[in-house]
Structure formats: structure tokens, C-alpha cells
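Breakdown of the fold
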Amino acid sequence: MRAVHCVRHGMPEDLVLAEVPDPVPSAGQLLIDVHASSLNFPDVLMIQGKYQTQPPLPFAPGSEIAGVIAAIGPGVTGWQIGERVFGGTGAGGFVEKAAVPAAAMRRMPAAMDFATASGLSTTYGTSYYALKQRAALQPGETLLVTGAGGGVGIAAVELGVAMGARVIAAASSEEKLDLARSAGATEFINYSDGKLKDKVKALIGGRGVDVIYDPVGGALFDDCMRSIAWYGRVLVIGFADGEIPKLPTNLVLLKSCQVIGVFYGAWTARDPENTAQNMREIVAMCTDGRLKPRIGARFPMERYAEALRCLMERRALGKVVLEIRAPQP
Ligand SMILES: NC(=O)c1ccc[n+]([C@@H]2O[C@H](COP(=O)([O-])OP(=O)(O)OC[C@H]3O[C@@H](n4cnc5c(N)ncnc54)[C@H](OP(=O)(O)O)[C@@H]3O)[C@@H](O)[C@H]2O)c1
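Residues numbered from 1 in each chain as written. Predicted model: local features only at pLDDT ≥ 70, side-chain atom pairs only at ≥ 80, totals over all residues. Heavy atoms only, no water.

So, about the site of the ligand. The environment of the ligand is formed by 26 residues, the closest being S172, K176, Y191, V262 and R314. The side chain of K176 places a nitrogen or oxygen atom 2.6 Å from an oxygen atom of the ligand. The protein chains hide 92% of the 900 Å² of surface that the ligand would expose on its own. Mapped by element, the contributors of at least two residues to the shell around the ligand are α1 (41-47), α3 (121-134), α4 (151-162) and α11 (304-312). Looking at side-chain class alone, the shell around the ligand contains 15 nonpolar, 8 polar and 3 charged residues. (Near = heavy atom within 4 Å. Polar contact = N/O pair within 3.5 Å; in protein donor to acceptor, adjacent residues only side chain to side chain. Areas by Shrake-Rupley, 256 points an atom, 1.4 Å probe, with all protein chains shown as cover. Helix = DSSP H or I, 4+ residues; strand = E, 2+ residues; numbered from the N terminus. Nonpolar A, V, L, I, M, F, W, Y, C, P; charged D, E, K, R; others polar.)

Quick look at the structure:
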């Protein structure tokens, strides 16, 4: 089978499209014919050797897939060959066949295509866990989302709307804010001029925002801390900016706010039951139309470098998907 392999840490162009033996599912695993694998920012960090959990070399990047069960490993029950599934893989998604833990796979909704299903696990999973379990977002609260046109950001906008919040989308371009508008955000901040804090204040006054979802970090984080309400919750999601900000603890004291870490991958390992329940609720919200996953770009497998460049160069709108097998009409 073909696999996109990282043989040494580097840029997307340093990856190779390799011919490798088909994997054989071991105990507890399913073998999946992968149809689509969607991209996430951690893929970009992992190929450079900069992510917090690094697979040994060589490895295939790609942390989530959708496809069809091709074989069932020893001891696995409850699955049939031919069923359409999706799920998170940690890494190893940019391959034609993947042997994955059966427990990590979920059934695809009947009407959903592979590209859409391949993007459900990480972005919606992270954002729902952040807003539901970590922030306990309540109907009527204000939610500010930075990086609102990116993968986890647009998922946070949609979920915030579905949970009844007043959602303020913040991003670096009008195109990204338009995407957030289509996802239900009602107020918009373009922070390309570096004035997030002033614009939040102009929108909602001195009271501040109840919940802030920040996947960007860098200098924006300080503005987030200065925009939070008394008793507010700032969700630390990631550092797409590249700079890990320092926390001004005086502001934590002055606002009596909470700064809350969110590490979805670790939570899924620690709490598989609630992870599965969250994913059932996400699928239900997709099925009843409250969530409409947005795919900004699709690439065939061999154009993996261009796909990764979309995220690296801040151009991704919603999800970027690698179509491992050509989509059926
Ligand atoms: N905590 C968790 O469990 C968890 C899970 C998944 C992902 N994450 C993290 O969440 C962050 C976003 O991931 P994603 O998959 O949603 O990525 P994405 O689709 O590429 O979105 C990232 C957003 O960050 C902003 N950004 C600012 N500076 C950037 C830069 N130098 N390069 C790229 N983007 C930049 C961009 O928005 P603007 O242009 O509008 O600023 C962009 O839309 C990453 O740090 C990732 O590691 C965390």
C-alpha cells in the first residue's frame, strides 16, 4: 500500500510517498481501507518534531480517518467487514490501509461522505470537550473564539451557537469571519491590526467575555486575559501562532477568572466513556443539522505537501482533507 511517510523531521516537502507492506490487524484492532484523512495543526508540528507526543520515525502523519472495515483482528466483536467508520488515530492516517484500535472507531452516519466524517473527531471532539466539560458553557453566556476560521475554531463557533451562547468570532481576515458568520456567529472582530482587546471592549463594554476559546496563543493571549469577565473562563487550546504566551497572574487575581487547560487527546485516553458520549452527541448534532462541518479544501493523497502548507501558511478555512481514495460520485 501507499503511505505518506515522515522519515526525518522537517517540512511537508521532506515527506515521501512510500510503498510499504499492508498492515495486519492485531488483537483489538480493525483494518481500515482509508478513504479520507483530515488535517490538524498537530500534524504540522509532528512532522517537524515539535509536538508534545512524537511517534518514532518513520511514521505517517494524519490523526483522523474515515473509511471501510477491511478485516477484523482477534478478539474484536461488534463490527462487520464493509461497515463505514471514522475516528482518531493519533498519527498514521495518511495511508491507504490503517490497523487501528477498534475502540477508537465509530460508525459513520448513513448520509455522510468520507471527507466530512474524517474531520469530526479532533476538531469537534476538542471543542466540545473544551466548551462542555472544561468551561461548562451556559446558554446566554458570551463566547469569544480566536482563530475562528480554522479547524478547531470554526467547530467552537458552531458548538457555541448550538449550546445557546452569544458567539463573537475573531480572526485575521474577512474571509475567515465570513465562514464564522455562516456557522452562526453574530459578532465579528478582525484582529489583523492587533487590536483585539479594544474591539472586544467596543462590542460588549467593560464587563468582559464569559468564556474565551484560544487556539492561537502568542500576543493574542494577553488581549484574551484583558478581555475576560469577572469569574470568566479562558480556555488554553493551542499555540498556532508559534509562541507560547506567559500568563499574567495578576489578571487572574483581578478578574477572579479561571485559566483552563484543554488536552483532548489525553482526556480521550483517560475517559473513553465520556469521549464516546460526546462523539454520539456530535454525530446527533450533525444528523439533525445543528452542525454542518465545513471543508475548505480537498487534495488527492499525492498532494499531501500542499494540504499541509494550507495549515502552516495560515490559509486553512475550516477543514483541509486528504482524499486517500477518489470520492465516489
Ligand atoms: N488542546 C487540544 O487538545 C488541541 C486539539 C487539537 C488542536 N489543538 C491546537 O489548536 C490549534 C489550532 O489547530 P487547528 O487544527 O484548528 O489549526 P488551523 O485550522 O490551522 O487553525 C489555526 C488558526 O490559528 C491562527 N493562526 C495564527 N497564527 C498562525 C500561524 N502562524 N500559523 C497558522 N495559524 C495561525 C489562524 O487563524 P487567524 O489567521 O484567524 O489568526 C488559523 O486559522 C493548534 O495549536 C493545535 O495544536 C489543540
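So, on to the nonpolar core. Counting residues in each nonpolar core, the largest one holds 50 residues, and the members touching the most others are F86, L131, L143, V145, Y213 and L235. Leaving out residues up to four positions away in the same chain, F86 has contacts with I65, A66, A104, M105, R106, R107, M108, A117, L120, S121, M279 and V283. With 43 residues, the next largest nonpolar core counts A102, A305, A307 and V320 among its residues. (Core = buried A, V, L, I, M, F, W, Y, C linked by side-chain atoms within 4.5 Å. Buried < 20%, exposed > 50% of the residue type's maximum accessible area, 1.4 Å probe, protein only. Contact = heavy atoms within 4.5 Å.)

This part takes up the domain arrangement of the protein. On domain assignment, one finds that the protein holds domain 1 (2-120 + 293-323) and domain 2 (123-265). Domain 1 and domain 2 are separated by 28 Å when their C-alpha centres are compared. Counting from both sides, the interface comprises 13 residues of domain 1 and, opposite them, 17 residues of domain 2. Where domain 1 abuts domain 2, roughly 1,200 Å² becomes buried across the two surfaces, and 54% of that area is made up of carbon and sulfur atoms. When the area that domain 1 buries against domain 2 is broken down by residue, the three leading residues are R294, R314 and L317, summing to 48%. (Domains from an automatic or database assignment. Buried area = accessible area lost by both parts, 1.4 Å probe.)

This paragraph deals with the packing of α3 against helix α10 (residues 272-287). When two helices pack together, their arrangement is given by the angle between the helix axes and the distance between those axes. Running from N to C, α3 and α10 point in directions that differ by 110°, and their axes come no closer than 10 Å. In this view, α3 runs roughly perpendicular relative to α10, as classed from their interaxial angle. Contact residues: S121, Y124, G125, Y128, Y129, K132 and Q133 in α3; N274, N278, M279, E281, I282 and M285 in α10. (Axes fitted to C-alpha atoms, helices over the stretch in contact; angles between N-to-C directions. Parallel < 35°, antiparallel > 145°, perpendicular 65-115°, else oblique.)

This part takes up α11. Restricting attention to buried positions, one finds in α11 the residues Y304, A305, A307, L308, C310 and L311. Buried positions along α11 lie against β1 (2-5), β2 (16-19), α1, β14 (295-300) and β15 (319-323).

Attention now goes to the environment of K255. Here K255 is to be found in helix α8 (residues 249-255). For K255 and R233, which are 22 residues apart along the polypeptide, the C-alpha to C-alpha distance reads 10.0 Å. Apart from the residues within four sequence positions on either side, K255 is in contact with M225, R226, S227, I228, A229, W230 and Y231. Among the polar contacts listed, one links the side chain of K255 to the backbone oxygen of I228, at a separation of 2.9 Å.

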